[in-house]
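Structure assessment
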Amino acid sequence: MNSVLNWKLKIGNFLFKHRSFTPIPLIALVFIIFKPVDLNEKNIILNLGGLFISILGETIRIIAVGFSFTGTSGRETFLRADALNTTGIYAIVRNPLYIGNFFMFTGIVIVFSNVFAVLVFALFLILQYYFIILSEENFLTKKYGESYETYCSQVRRILPTFKNYKGNQNPFSLKKVIFKENDSIFNMLMMLLLVLLYKERIFSGQIFQPILYIIPGGILVTLYVMIKIIKKRGTAKHNPY
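Quantities reported herein were computed from a predicted structural model and do not represent experimental measurements.

What follows is about the overall build of the protein chain. When you go through the protein chain residue by residue, the secondary structure sums to 9 helices and 0 strands. The principal-axis extent of the C-alpha atoms belonging to the protein chain is close to 60 × 45 × 35 Å. Within the protein chain, the proportion of its 241 residues that are buried is 39%. In the protein chain, 82% of the contacts between residues at least 6 apart in sequence involve partners at least 24 apart. A total of about 13900 Å² of accessible surface is found on the protein chain, and carbon and sulfur atoms cover 69% of it.

As a further point, take the packing of helix α1 (residues 3-17) against helix α5 (residues 115-144). Remark: α1 packs on α5, axes separated minimally by 7 Å, with the N-to-C direction vectors making an angle of 105°. The orientation of α1 with respect to α5, classified from their angle, is roughly perpendicular. Touching W7, K8, L9, I11, G12, N13, L15 and F16 of α1 are Q128, Y130, F131, I132, L134, S135, E136 and N138, all from α5. In terms of residue class, the contact of α1 with α5 is made up of 9 nonpolar, 5 polar and 2 charged.

On the surface, a nonpolar cluster with roughly 680 Å² of combined accessible area is contributed by I211, L212, I214, I215, I219, L223 and M226. Looking at where M226 falls in the secondary structure, it is placed in helix α9 (residues 211-238). The exposure class of M226 is partly exposed, given its relative accessible area of 44%.

With that out of the way, let us pick up the confidence of the model for the protein chain. Chain-level statistics for the protein chain give a pLDDT mean of 90 and a share of 97% at 70 or above. No element of the protein chain has a lower mean pLDDT than helix α2 (residues 23-33), which averages 82, and none a higher one than helix α3 (residues 43-66), which averages 96.

Inspection of every chain in the model, using the stated rule, returns 10 aromatic pairs. Between Y98 and Y129, the aromatic rings sit 4.8 Å apart at their centres with planes inclined by 20°, giving stacked as the arrangement. Remark: Y129 occurs in helix α5 and Y98 occurs in helix α4 (residues 96-112); sequence separation between them is 31 residues. Judged by centre distance (6.1 Å) and plane angle (45°), the rings of Y148 and Y151 are tilted.

The next subject is the side chain of Q128. Tracing the backbone through its elements, the reader meets Q128 in helix α5. In this structure, Q128 is in contact with L15, R19, T22 and P23, ignoring residues within four places of it in sequence.

A word on the nonpolar core. Within the largest apolar cluster, 27 residues are counted, with the highest numbers of intra-cluster contacts made by I27, F105, I108 and F121. Going through the elements one at a time, α1, α2, α4, α5 and α8 (182-204) are the ones with two or more residues in this core.

To continue, consider the environment of I99. Within the element layout of this structure, I99 appears in helix α4. Separated by 70 residues in the primary sequence, I99 and L29 place their C-alpha atoms 22 Å from one another. Each residue touching I99, except ones within four places of it in the same chain, is listed here: I60, V93 and I158.

Next up on the list: the pattern of salt bridges. With the rule as written, the count across this model stands at 5 salt bridges. Measuring nitrogen to oxygen at the nearest pair gives 2.5 Å for the salt bridge that ties E137 to R94. Placement of the pair is E137 in helix α5 and R94 in the loop between α3 and α4, with a sequence separation of 43 residues. In this structure R94 comes out as buried when scored by relative accessible area, which is 12%. Here the salt bridges do not stand alone but share partners, grouping R94, E137 and R157 into one network.

Attention now goes to the packing of α3 against α4. Two elements in contact, α3 and α4, have axes whose closest approach is 7 Å; the angle formed by their N-to-C orientations is 160°. With respect to α4, the element α3 is oriented roughly antiparallel. Crossing geometry of α3 relative to α4 is assigned as left-handed. Taking contact as the criterion, the partners of L46, N47, G50, L51, I53, S54, G57, E58, I60, R61, A64 and V65 in α3 are, on α4, P96, L97, I99, G100, N101, F103, M104, G107, I108, I110 and V111. Of the residues assigned to the contact of α3 with α4, the class counts are 14 nonpolar, 7 polar and 2 charged.

Calculation rules
- Residues numbered from 1 in each chain as written.
- Predicted model: local features only at pLDDT ≥ 70, side-chain atom pairs only at ≥ 80, totals over all residues.
- Heavy atoms only, no water.
- Helix = DSSP H or I, 4+ residues; strand = E, 2+ residues; numbered from the N terminus.
- Buried < 20%, exposed > 50% of the residue type's maximum accessible area, 1.4 Å probe, protein only.
- Contact = heavy atoms within 4.5 Å.
- Areas by Shrake-Rupley, 256 points an atom, 1.4 Å probe, with all protein chains shown as cover.
- Axes fitted to C-alpha atoms, helices over the stretch in contact; angles between N-to-C directions.
- Parallel < 35°, antiparallel > 145°, perpendicular 65-115°, else oblique.
- Nonpolar A, V, L, I, M, F, W, Y, C, P; charged D, E, K, R; others polar.
- Patch = residues over 30% accessible without salt bridge, like charges linked within 9 Å, V, L, I, M, F, W, Y side chains within 5 Å.
- Salt bridge = Lys/Arg side-chain N within 4 Å of Asp/Glu carboxyl O.
- pLDDT = per-residue confidence, 0-100.
- Phe/Tyr/Trp six-rings, centres within 6.5 Å; stacked < 30°, edge-to-face > 60°.
- Core = buried A, V, L, I, M, F, W, Y, C linked by side-chain atoms within 4.5 Å.
- Left-handed = near helix turned anticlockwise from the far one by under 90°.

What follows is the structure in structure tokens.
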């Protein structure tokens, strides 16, 4: 292994370990550096467009997670793949979760209404996932060898292709989605809510109806905590020691 690839893999391993958190402080930093641009009547179009893109990204994640094998597509801080996902959405593109993340987070920044913020953040995500994907591919090649290399020859990293599409091997698991995607959905909706709150404060100089933000925010937090508690109790029940 040459030195250049070696340091790329080290960066990829580090970013993989912290991949669930790295976009959040960057979004905060981008919002500090840049200011939203008031487009008047076009604001609603931008808000809806960004919301649609974010929901599209989360939908891609839900499909990938819901049909995935156990021990894959998780949130572990270490590289893990108890099986190879090669059917369904994974037969269309090799990294649907990262594509979903890209759309989800970019949509939030689009709602922020600053083209420079969108460009900076999108560039960061592209670089982050470039290194992470290299690290994952190195891990999967070592673990699965020829079978993974064959899969890579048939399905692209990022650009979708239906040439070798195969139906899902697993049934869709709503339970898996609820417990695995709780963090992702909560972060997406809460950040969208905070961005809209921030924009109203900047554009209008005040928040006219704070209850419109407090109630949805309270519901999100309540549901998030409830799912966390249920998940923790379920884990403790099956793993008492």
